[in-house]
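Structural description and commentary
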Amino acid sequence: MSYLRWLHSNWYVFWKSSNALKADDELLAIWYAGAEKLPSLTFKELKGIKSIKSLKEVMKKFFTKEEFKRISEKDWEELWIAVKEWIKDVKEKYKEETINHCSEKECPFWRNGKCLYDNGCLIVDVNKGNFDNIKRNFERLKK
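The sections below set out a description of the structure shown in this document.

Conventions and cut-offs
- Residues numbered from 1 in each chain as written.
- Predicted model: local features only at pLDDT ≥ 70, side-chain atom pairs only at ≥ 80, totals over all residues.
- Heavy atoms only, no water.
- Helix = DSSP H or I, 4+ residues; strand = E, 2+ residues; numbered from the N terminus.
- Contact = heavy atoms within 4.5 Å.
- Areas by Shrake-Rupley, 256 points an atom, 1.4 Å probe, with all protein chains shown as cover.
- Pairing = 2+ DSSP bridges.
- Axes fitted to C-alpha atoms, helices over the stretch in contact; angles between N-to-C directions.

Focus on the overall build of the chain
The helix and strand tally for the chain stands at 6 helices and 6 strands. Listing every helix and strand of the chain by position from the N terminus yields β-β-β-β-α-α-α-α-β-β-α-α. The long-range share in the chain, meaning contacts at least 24 apart out of those at least 6 apart in sequence, stands at 44%. Carbon and sulfur atoms provide 52% of the accessible area of the chain, an area that totals close to 9,200 Å².

What follows is the structure, given as structure tokens:
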């Protein structure tokens, strides 16, 4: 999903396709017209941003000094709105998927009052027939 496009902005910002299994691993591509680097940041990197100032601090490492100076305040405001919208969308997506339908009695991955599997329980996935996700997530939990 695109949040900003070069046709109407100096930014091209979009939710990047990935194999993310949890919210923290979701990617947002944040590209600026004429910049050398085309960075993608994770939800984990962006979720703590609370202002344009903190957004600039996170983004600074991706630009040369000249590129960074070229970015107008209007551009930063535009990016801040897009980042906030994406954070809201990621939270919404994973809100539905984080419901634990299992319990301490039935779940072999239950620790500290919840299932270790971030996107719902493996038992629920088995019942839904999501076998590819089960194998991939089970391997991740074994680490």
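Still to come is the rest of the account.
Here's the deal with the sheet that holds strand β2 (residues 11-16)
Judged by pairing direction, the sheet is antiparallel, and its 4 strands sit side by side in the order β1-β2-β3-β4 without closing on themselves. Two strands bound the open sheet, and with one partner strand each, they are β1 (2-4) and β4 (40-42). Between one strand axis and the next, the sheet turns by 25° as a mean value, whatever way the strands run. In this structure, β2 lies alongside strand β3 (residues 27-32), joined through 6 bridges in antiparallel fashion. In the strand pairing of β3, Val13 is matched with Ile30.

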